[in-house]
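The chain contents come next:
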Amino acid sequence: MTLSSSQREALLALDVGRVRLDEPMRKHTSFRIGGPVDAYVEVASVDAIERLFAWCRAEGLPLLSVGGGCNLLVRDGGIRGIVMRLGRPFRRLFVVREGEGADNPESGDEVVADAVSRFDASQQAAEAGAVQVAGPSGSLAEDDGRVLVHVDAGVAVPALLKFCVRRGLSGAEGLAGVPGTVGGSLVMNAGTHEGELCSVVHTMSVVTEAGDLKTYRQEDLSYRYRHLDLPAGEFIVCCVLALTPAPPADIQRAITDLIDYRKSTQPVRIPSAGCVFKNPPVGPPAGKLIDDAGLKGTRVRGALVSDVHANYVVNTGDATARDVIELMARVRDEVERRWGVVLENEVRVVGEASLPQMHVDRT
Ligand SMILES: Cc1cc2nc3c(=O)[nH]c(=O)nc-3n(C[C@H](O)[C@H](O)[C@H](O)COP(=O)(O)OP(=O)(O)OC[C@H]3O[C@@H](n4cnc5c(N)ncnc54)[C@H](O)[C@@H]3O)c2cc1C
């Protein structure tokens, strides 16, 4: 359903953050592909998210949450309704509780108390009885020796890694070279052969479709390779990671090694969404299946199967979503024909194939 002009006015008056109308999604995806969304909203607070959810519900408008758009293929007709992304206030990153024996000047109960007072999402959840938040006794959990770090879902993955190096915290290095936000990376359980994000989550806080704040503990999360079971309509606002103290030089080395490896094996400088297919649960990885089927260099107009890494489809400049989808279908069919393996999408495809008539009339 397209936003009417009165809904557009009402949305602007809602005061939930920055609103851009008829915003081309290609500006917000690493593929640099995607038609316009009716309204792209950068929400400024948990309260704004709750109000936006309530308004969309009342108006019967669809709402899609996005992070950095690094795993998204938006179809050429764009997205009807609202796309919501976390705005600047959701980029906080701080230690909630130091590990025992950690040599850190910021450790201590004052830090815990201060961190908790800034941690509005967890605070509200705690008040609602949904989760136990660290109090002066540091009662967050039984994570002896581990350091608990609050990470807003809008934090960029590289910023998280930089923080980990500076503070000497190990556990997230497997995300080196993964672009996007922590929120999107939780949804995708992003990572590499060196580790994935969900395994170091201590708690994760979401706003539910009904507008309630809810916090999951690690043991409540159900995740697997590139997938987290997240009930429909839940929007991740922050998490607490449990990390292990380690020498900063060791963490930096692990990150640099992984990034160097990626630069030599992946087309990191051309617009893409990373690997487009998941690796099958058994047997060779998707990239090898595609390469061995002779598909490197296959092209549909501006979309190309990378010569560097066969599981990357790259946008050589003027690719449309239609080109990418057609190319992916060709690759999937040929891999199935040659190897009997049906590849599953890793990239999330959203939006409409063509613009609605109403939209065309207006422009
Ligand atoms: C060059 C390149 C290399 C890559 N390498 C890797 C890699 O090695 N490993 C890997 O795992 N991935 C990789 N990716 C894919 C991508 O970086 C990850 O999937 C990343 O985690 C996506 O984060 P994002 O913030 O961009 O999420 P988006 O692409 O914006 O969204 C991903 C999904 O999460 C949902 N979502 C986003 N934010 C929220 C939120 N706050 N609450 C609820 N739902 C939300 C979206 O609706 C969507 O379904 C690569 C991508 C590129 C471009």
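Residues numbered from 1 in each chain as written. Predicted model: local features only at pLDDT ≥ 70, side-chain atom pairs only at ≥ 80, totals over all residues. Heavy atoms only, no water.

Caption draft 1: Main features of the site of the ligand. Close to the ligand lie 33 residues; Ser65, Pro179, Thr181, Gly191 and Arg262 are nearest. In this structure, Gly67 approaches the ligand through a main-chain N or O atom, which is 2.7 Å from an oxygen atom. Interatomic distance of 2.6 Å between a side-chain N/O atom of Thr181 and an oxygen atom of the ligand. Elements with a minimum of two residues in the shell around the ligand: strand 3 (63-65), helix 6 (182-187), strand 9 (191-192), strand 15 (235-245) and strand 16 (272-275). The element best represented in the shell around the ligand is helix 6, accounting for four residues. Residue-level mapping places the shell around the ligand at the junction of two domains, with at least three residues from each of domain 1 (5-88) and domain 2 (91-253). (Near = heavy atom within 4 Å. Polar contact = N/O pair within 3.5 Å; in protein donor to acceptor, adjacent residues only side chain to side chain. Helix = DSSP H or I, 4+ residues; strand = E, 2+ residues; numbered from the N terminus. Domains from an automatic or database assignment.)

Caption draft 2: View of the packing of aromatic side chains. Within this structure, the stated rule accounts for one aromatic pair. Ring geometry for Phe53 and Phe235: centres 6.5 Å apart, planes at 70°, overall edge-to-face. One end of the pair, Phe53, is in helix 2 (residues 46-59); the other, Phe235, is in strand 15, with 182 residues separating them in the sequence. Summarising the burial analysis for this pair, Phe53 and Phe235 share the class buried. (Phe/Tyr/Trp six-rings, centres within 6.5 Å; stacked < 30°, edge-to-face > 60°. Buried < 20%, exposed > 50% of the residue type's maximum accessible area, 1.4 Å probe, protein only.)

Caption draft 3: Representation of the side chain of Thr208 in the model. Turning to its location among the elements, Thr208 is positioned in the loop between strand 11 (201-207) and strand 12 (213-217). Setting aside its immediate chain neighbours within four residues, Thr208 contacts Phe53, Lys214, Gly233 and Glu234. (Contact = heavy atoms within 4.5 Å.)

Caption draft 4: Local environment of the nonpolar core. By size, the foremost hydrophobic cluster in this structure holds 61 residues, and its most contacted members are Leu11, Ile49, Leu52, Ile82, Met204 and Leu241. Residue contributions to this core reach at least three from each of two domains, namely domain 1 (5-88) and domain 2 (91-253). Once residues within four sequence positions are removed from consideration, Ile82 is found in contact with Leu3, Leu11, Val37, Ala39, Val41, Leu52, Trp55, Cys56, Pro62, Leu63 and Leu64. Counting residues in each nonpolar core, the second largest holds 25 residues, with Phe31, Leu73, Ala286 and Val324 among its members. (Core = buried A, V, L, I, M, F, W, Y, C linked by side-chain atoms within 4.5 Å.)

Caption draft 5: Layout of the packing of helix 5 (residues 157-167) against helix 7 (residues 248-265). Axis separation between helix 5 and helix 7 bottoms out at 7 Å; the angle between their running directions is 150°. Between helix 5 and helix 7, the angle is such that the two are roughly antiparallel. Facing helix 5, whose interface residues are Leu161, Cys164 and Val165, helix 7 presents Pro248, Ile251, Gln252 and Ile255. (Axes fitted to C-alpha atoms, helices over the stretch in contact; angles between N-to-C directions. Parallel < 35°, antiparallel > 145°, perpendicular 65-115°, else oblique.)

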